[in-house]
Amino acid sequence: MKTLIKNGIIVTTENEYKGDILIEGTKIEAVGRNLRVEADKIIEAEGMYILPGGVDQHAHFSFEFMGERTKGFETTNAAALGGTTTVIEFVNQEQGKGLVETVEAYRKEWVDGISMVDYSFHPVITDPTPETFKDIKNLPEAGYPTVKLFMAYKGQFFHSDDEAVTNALLEAKDAGVTVMVHAENADLIELMQKKAIADGNTDPYYHALTRPPIVETEATERAINLARFAGAPIYIVHVTTEGAVNAIKKAKEEGLPVYGETCTQYLLFDKEYLAKEDFEGSKYVCSPALRDKKDQDYLWKSLRDGSINAVSSDHCGFTTEQKKMGIDDFRKIPNGTPGLENRLPMLWTHGVEAGKITRSELVDYYSTMPAKNNGLDHRKGHLAPGYDADIVIYNPNVKKKVTLEDSLNGLDYTAYEGFDQIGECDAVFLRGTPVVKDGKYIGEKGQGAFIKGTAFGTAFSRRN
Ligand code: DUC
Ligand code: ZN
Ligand code: ZN
Ligand code: ZN
């Protein structure tokens, strides 16, 4: 079965041009201007933009956190509707079990046969034993070429100290495994949280006040120094502060293989959202915390100068009811904000249409770089012959507001409610199969497939 998408504006990381794409089965067979080919089906895409399917390297589905579990892979149709065809999930190691073993068990229970988009995984170290560190070298063969550690969350089972981070870095570098860290100073946070509670300050706003920028900046600088000590590449997830961006920039200038992502919510929301009435602020409790307008501006700029290499969603779907766990104590609000389905349209509207990034930069940050970072770029992130036919036909003419009614996130709210949206995914193909048509999800549960990542992702590129 051959499908020809005709006359769309094809956007790559380099340029854009009017052209055609021929899909044969699950792959892209040809891309070019005025393709003279036979096809079983022709889709006219005049006036539409053609983008590679999004790769979201940072999402949490069926994720157990602070005693609560987020909405699971049965809600990944929201990803498809928002133009993301591959998601990468974090899986907390089970105590006493291996990294590969934990991920395989998680896959069977929560993902295989359920996910509506393609998927891969980042194992999270929670049990810092010599066996666990030795297991890192087994990750690439199993298709998981990254490993994550949480420097934040003191007292939680998934918290890691500097010794664990350093051991992971030392083990990972020869195996081509990218170490990712959530960089916040756990002790400083605890100190400030205790003080806030002792003073009777229990509202969601105190989540942000007890996790000020210095907490992230310090831990980012420290993580980079641990990587320097270990002689290993490092990837910092959800970078939100000027200081953390500058630490990455400075490391890059020194020639160190240091990389980082930011997330949609840090580009669009500020910490005043946490002050919303009737506990609405709890929906914006995520970590790191939301910052100020000036930090948002700095993050947009850092996308322009290349100091940040990807924009993820850190999608984390807790319901209003689950958020209420922390009604009397902000420390008990499960951390996380949903937004996977909004990533592309919000970057388009508030990035491209606002003149803050180009369409080519958008493609790079939402698809091409995340694919490379995670060793998926042999199949994902490019509109080129031989690649998976994960394709978005974006209609730039739609103007609307984000509403819960249009959302597939499975929750009782959307964090982006009322935001202006320009354009929408008119059609999305997952490995050649249409999963969105005329702006509506038409796919099926279980259509997603596991994609094996390969070792030596982007973070290793400056190594030799
Ligand atoms: N931060 C969040 O907001 N949610 C999940 C985990 C994390 O680190
Ligand atoms: Zn995190
Ligand atoms: Zn996260
Ligand atoms: Zn249509």
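Residues numbered from 1 in each chain as written. Chains lettered and ligands numbered in written order. Predicted model: local features only at pLDDT ≥ 70, side-chain atom pairs only at ≥ 80, totals over all residues. Heavy atoms only, no water.

*Asks:* I tried to follow the side chain of Thr368 on my own but got confused; where do I start?
*Replies:* Within the secondary structure, Thr368 sits in helix α14 (residues 359-373). Relative accessible area serves as the criterion here: at 3%, Thr368 is assigned to the buried category. If we ignore the near neighbours within four places in the chain, the residues touching Thr368 are Thr13, Val363, Gly381 and His382. (Helix = DSSP H or I, 4+ residues; strand = E, 2+ residues; numbered from the N terminus. Buried < 20%, exposed > 50% of the residue type's maximum accessible area, 1.4 Å probe, protein only. Contact = heavy atoms within 4.5 Å.)

*Asks:* What exactly am I supposed to notice about the UniProt feature "domain: Amidohydrolase-related" (unreviewed entry) in the chain here?
*Replies:* The UniProt feature table records "domain: Amidohydrolase-related" (unreviewed entry) at residues 49-434. For residues 49-434, the end-to-end C-alpha separation is 16 Å, with 35% helix and 20% strand making up the annotated structure. (UniProt positions renumbered as here; feature names shortened; annotations may be inferred.)

*Asks:* Help me out: how do you make sense of the packing of aromatic side chains in this one?
*Replies:* Each aromatic ring pair is summarised here by two numbers: the centre-to-centre distance and the angle between the ring planes. Per the stated rule, a full pass over the model turns up 24 aromatic pairs. Here Tyr119 and Phe121 contribute two aromatic rings whose centre-to-centre distance is 5.8 Å and whose plane-to-plane angle is 65°, an arrangement assigned as edge-to-face. Every member of this aromatic cluster is reached through a ring pair, and the members are Phe61, Phe73, Tyr106, Tyr119, Phe121, Tyr144 and Phe450. In this arrangement the basic side chain of Lys148 is found over the ring face of Phe90, its NZ or CZ atom lying 4.0 Å from the centre. Looking at Lys252, its charged tip hangs above the ring of Tyr259, at a distance of 3.8 Å from the centre. (Phe/Tyr/Trp six-rings, centres within 6.5 Å; stacked < 30°, edge-to-face > 60°. Lys NZ or Arg CZ within 6 Å of the ring centre and 35° of its normal.)

*Asks:* Explain the coordination of the zinc ion (ligand 2) to me, please; I cannot follow it from the model alone.
*Replies:* When four donors bind a metal tetrahedrally, each ideal donor-metal-donor angle is 109.5 degrees, and when six bind octahedrally, the ideal angles are 90 or 180 degrees. At 2.1 Å from the zinc ion (ligand 2) lie its protein donor atoms, namely His182 (ND1) and His238 (NE2). Separating the zinc ion (ligand 2) from the zinc ion (ligand 3) is a gap of 3.6 Å. Separated by 56 residues along the polypeptide, His182 in strand β12 (residues 178-182) and His238 in the loop between β13 (234-236) and α9 (242-253) bring together distant segments of the chain. (Donors = N, O, S within 2.8 Å, 3.2 Å for Na, K, Ca; no water.)

*Asks:* Teacher, can you tell me more about the coordination of the zinc ion (ligand 4) here?
*Replies:* The zinc ion (ligand 4) binds to the protein through Asp426 (OD) and Asp438 (OD); the donor distances cover 2.2 to 2.4 Å. Of this pair, Asp426 sits in strand β18 (residues 420-430) while Asp438 sits in the loop between β19 (433-437) and β20 (440-441); the two residues are twelve residues apart in sequence, bridging distant segments of the chain. We classify Asp426 as buried; its relative accessible area is 17%.

*Asks:* Before we go on, may I ask you to explain the packing of helix α13 (residues 343-352) against α14 in this structure?
*Replies:* To characterise two packed helices, one gives the angle between the axes of the helices and the distance between these axes. Viewed as axis vectors pointing N to C, α13 and α14 meet at an angle of 145°, and their least axial separation amounts to 11 Å. Of the two possible hands of crossing, α13 and α14 adopt the one that is right-handed. Residues Arg343, Leu344, Leu347, Trp348 and Val352 of α13 touch α14, and the partners they reach there are Arg359, Leu362, Tyr365 and Tyr366. Residue composition of the contact of α13 with α14, grouped by class: seven nonpolar, no polar and two charged. (Axes fitted to C-alpha atoms, helices over the stretch in contact; angles between N-to-C directions. Left-handed = near helix turned anticlockwise from the far one by under 90°. Nonpolar A, V, L, I, M, F, W, Y, C, P; charged D, E, K, R; others polar.)

*Asks:* How do you make sense of the pattern of salt bridges when you look at a structure like this?
*Replies:* Where side chains of opposite charge bring their charged atoms close, a pairing between them can arise. Following the criterion strictly, the structure yields 36 salt bridges and no others. Notably, a salt bridge pairs Lys154 with Glu190, separated by 3.4 Å at the nearest N-O pair. Of this pair, Lys154 sits in the loop between β11 (146-150) and α5 (162-175) while Glu190 sits in helix α6 (residues 186-198); the two residues are 36 residues apart in sequence, bridging distant segments of the chain. A salt bridge links Asp420 to Lys401; its shortest N-O distance comes to 2.6 Å. Of this pair, Asp420 sits in strand β18 while Lys401 sits in strand β17 (residues 391-401), and the two are 19 residues apart along the sequence. Connected through salt bridges with shared partners, the residues Lys27, Asp118, Arg379, Lys380, Asp388, Asp390 and Arg431 form a single ionic network. (Salt bridge = Lys/Arg side-chain N within 4 Å of Asp/Glu carboxyl O.)

*Asks:* Is there a simple way to explain the pairing of strand β6 (residues 54-60) in this structure?
*Replies:* The side chains of a regular strand alternate between the sheet's two faces. For β6, the tally of buried residues reaches seven of seven residues, placing the bulk of the element in the interior. Examined bridge by bridge, β6 and strand β9 (residues 84-92) share four bridges and lie parallel to one another. The partner of Asp56 across the bridge, within β9, is Val87. Examined bridge by bridge, β6 and strand β16 (residues 315-316) share two bridges and lie parallel to one another. The residue of β16 that forms the bridge with His60 is Cys316. (Pairing = 2+ DSSP bridges.)

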